[in-house]
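Structural description and commentary
Below, each chain spelled out in residue letters.
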Amino acid sequence: AFFDRGPKFLHYEPRHLFIGNIEYDHADLYPDIESVSDAFRRVAALVPPEGTLVVNADDPRVADAIRGARAPLVRVSVSDPLADLAAADIRFHPEGTEFLLVEAGQPALRLSSPLHGLHNVSNALGAIALARGLGLTVSEIARSLPRFEGVARRLQVVAECNNIYIVDDFAHHPTAVRSTLQAARARWPERRIWALFEPRSNTAGRRIFQEDYEEAFAFADAVVLAPVFHAKRLASDAILDREAIAERVRGSGKPGFAPNTLAEIPEIMREHARPGDVLILMSSGAFGGLPATLKEELFQREMPTTGATDSPRAAGAVSRGRGF
């Protein structure tokens, strides 16, 4: 908000708080990662001694930010079985995720969730820790967790056209892009994954994340990088080099495109999309209405049922995951 450019969570006066991870973002407001971490230190200090502070023990920045906190700490982890709450024997499948909940070093119960990705296991642990602190039993949590099917714009299938899935996702930070693509691979293991990305936020279009995006897009089978939304606000040498990322994708033997306009993307997909593909549209905004445009475009044309594909991940019939 123009009238309050600081972190809003300092207004909440939280009694119970879960800090999942700390990343550099909102580059128009924070000059560096230290300034972001300082905001989290301040919100952690607000939690009263009679409250609960749940933290992701797998993130070293979170561990640093809670120094000096007054509230009792509950550490959750997807890698350390000795954390207060941990997930062990994590299994991903097209219908969701299963894991063994470990509490105070002891196996508690096997839980299931329709959500995908390791980040959602970490999020679930944070919610479980808060719920346990408020008096819920493990059995009550085990009944409830499978009913939570996520929120809008997180691997949300908005259309299925000619056996092509169009998926809308809010991911824009490189860590979120990587996590989203990894989750998509677990959900659709036999399908070709397209990453269609719009660098829209004030951070996403900056070159500071060049290498991070290159690494994130390695988890896709094909990549389309839309123009930087706020390019006019940035110096030319500070803008994300989309063509360099696309060239790296092509160098790995995968389709990679960096069109000059959003209007070119439907034509790219008309030419290259094949039955069985999953098109994941990632943007912190509306992406120029591209989800609806692609739905209309792909419904209108005849799709080949066999033959050419741009990837060794050939299109094929697979069972649908939960949520279709």
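Residues numbered from 1 in each chain as written. Predicted model: local features only at pLDDT ≥ 70, side-chain atom pairs only at ≥ 80, totals over all residues. Heavy atoms only, no water.

Describing the overall build of the chain
In terms of regular secondary structure, the chain is built from 9 helices and 12 strands. Relative to the compact-globule value of 20 Å for 324 residues, the chain shows a C-alpha radius of gyration of 21 Å, a close match. Oriented by its inertia axes, the alpha-carbon framework of the chain measures out at about 60 × 45 × 30 Å. For the chain, with 324 residues in total, the buried portion stands at 47%. Taking contacts inside the chain between residues at least 6 apart in sequence as the whole, the part at least 24 apart equals 66%. Looking at charge distribution, the chain has the averaged site of its 37 positive side-chain charges lying 3 Å from that of its 42 negative ones. (Helix = DSSP H or I, 4+ residues; strand = E, 2+ residues; numbered from the N terminus. Rg over C-alpha atoms; globule rule 2.2 N^0.38 Å. Buried < 20%, exposed > 50% of the residue type's maximum accessible area, 1.4 Å probe, protein only. Contact = heavy atoms within 4.5 Å. Lys, Arg positive; Asp, Glu negative; His and termini not counted. Charge placed at Lys NZ, Arg CZ, Asp CG, Glu CD.)

A closer look at the sheet that holds strand 12 (residues 278-282)
Strand order across the open sheet formed by 6 strands is 7-8-12-9-10-11, with mixed pairing between neighbours. Each edge of the sheet is formed by a strand with only one pairing partner; in this case those strands are strand 7 (156-161) and strand 11 (256-257). As paired elements, strand 8 (residues 164-169) and strand 12 share 5 bridges and run parallel to each other. Of the residues in strand 12, the one forming a bridge with tyrosine 165 is valine 278. (Pairing = 2+ DSSP bridges.)

Details of the pairing of strand 8
Every other side chain in a regular strand lies on the same face of the sheet, so the side chains alternate between the two faces. The buried fraction of strand 8 is high, at 6 of 6 residues. Here 5 bridges tie strand 7 to strand 8, and the two strands are oriented antiparallel to one another. Its bridge partner being in strand 8, alanine 159 is matched across the sheet by isoleucine 166.

Comments concerning the packing of aromatic side chains
Overall, the coordinates contain 8 aromatic pairs when judged by the stated rule. Between tyrosine 165 and tryptophan 188, the ring centres sit 6.1 Å apart and the planes meet at 50°, which makes this aromatic pair tilted. Here tyrosine 165 is found in strand 8, whereas its partner tryptophan 188 is found in the loop between helix 5 (174-187) and strand 9 (193-197), with 23 residues between them in sequence. Both residues of the pair, tyrosine 165 and tryptophan 188, count as buried. (Phe/Tyr/Trp six-rings, centres within 6.5 Å; stacked < 30°, edge-to-face > 60°.)

A short note on helix 1 (residues 33-46)
The α-helix advances 3.6 residues per turn, and as a result positions three or four apart in sequence lie on the same side. For helix 1, which comprises 14 residues, the first-to-last C-alpha distance of 21 Å matches the rise-based estimate of 20 Å (1.5 Å per residue) to within 8%. Buried residues of helix 1: Ser35, Val36, Ser37, Ala39, Phe40, Val43 and Ala44, and no others. For helix 1, the secondary structure elements touched by its buried residues are strand 1 (16-19), strand 2 (52-56) and helix 2 (60-65). (Expected span 1.5 Å × (residues − 1).)

Brief notes about the environment of leucine 130
Along the chain, leucine 130 turns up in helix 3 (residues 118-133). The spacing of leucine 130 and phenylalanine 18 is 112 residues in sequence and 7.6 Å in space, taken between C-alpha atoms. Setting aside residues no more than four positions away along its own chain, leucine 130 makes contact with His16, Leu17, Phe18 and Val54.

Examining the pattern of salt bridges
Under the definition given, this model contains 19 salt bridges. A salt bridge links glutamate 98 to arginine 110; the shortest N-O distance between them is 3.6 Å. Pair noted here: glutamate 98 is in strand 5 (residues 96-103) and arginine 110 is in strand 6 (residues 106-113), with a separation of 12 residues, a long-range link. Since its relative accessible area comes to 29%, glutamate 98 is described here as partly exposed. Put simply, Glu34, Asp38, Arg41, Arg42, Asp64 and Arg67 are held in one network by salt bridges that share partners. (Salt bridge = Lys/Arg side-chain N within 4 Å of Asp/Glu carboxyl O.)

Here we look at helix 5
The terminal C-alpha atoms of helix 5, which comprises 14 residues, lie 20 Å apart, in line with the 20 Å expected from a rise of 1.5 Å per residue. Of all the 14 residues making up helix 5, 10 are buried; the element is thus mostly covered by neighbouring parts of the structure. For helix 5, the set of buried residues is Pro174, Val177, Ser179, Thr180, Leu181, Ala183, Ala184, Arg185, Ala186 and Arg187.

Topic: the nonpolar core
For soluble globular proteins, the rule of thumb is that nonpolar side chains tend to be buried together. Formed by 49 residues in total, the largest nonpolar core has its most connected members in Ile19, Val177, Leu181, Tyr213, Phe217, Ile280 and Met282. Per element, the largest residue contribution to this core is 5 residues, and it comes from helix 1. Sequence-distant contacts of phenylalanine 217, that is, excluding residues within four places in its chain, are made with Val177, Leu181, Ala195, Phe197, Val223, Leu225, Ile245 and Met282. Counting residues in hydrophobic clusters, the runner-up holds 20 residues, among them Trp194, Leu196, Phe287 and Leu294. (Core = buried A, V, L, I, M, F, W, Y, C linked by side-chain atoms within 4.5 Å.)

Here we look at the side chain of glutamine 210
Within the secondary structure, glutamine 210 sits in helix 6 (residues 210-216). A distance of 2.9 Å separates the side chain of glutamine 210 from the backbone nitrogen of aspartate 241, its partner in a polar contact. Leaving out residues up to four positions away in the same chain, glutamine 210 has contacts with Leu240, Asp241, Ala244 and Ile245. (Polar contact = N/O pair within 3.5 Å; in protein donor to acceptor, adjacent residues only side chain to side chain.)

Looking at the pairing of strand 4 (residues 85-93)
Across 2 bridges, strand 3 (residues 73-77) lies against strand 4 in parallel orientation. Residue valine 76 lies in a different strand from strand 4, and its bridge partner there is leucine 85. One ladder, built from 7 bridges, connects strand 4 with strand 5; its direction is antiparallel. Across the sheet, histidine 93 pairs through a bridge with glycine 96, a residue of strand 5. Following strand 4, the chain reverses through 2 residues before pairing antiparallel with strand 5.

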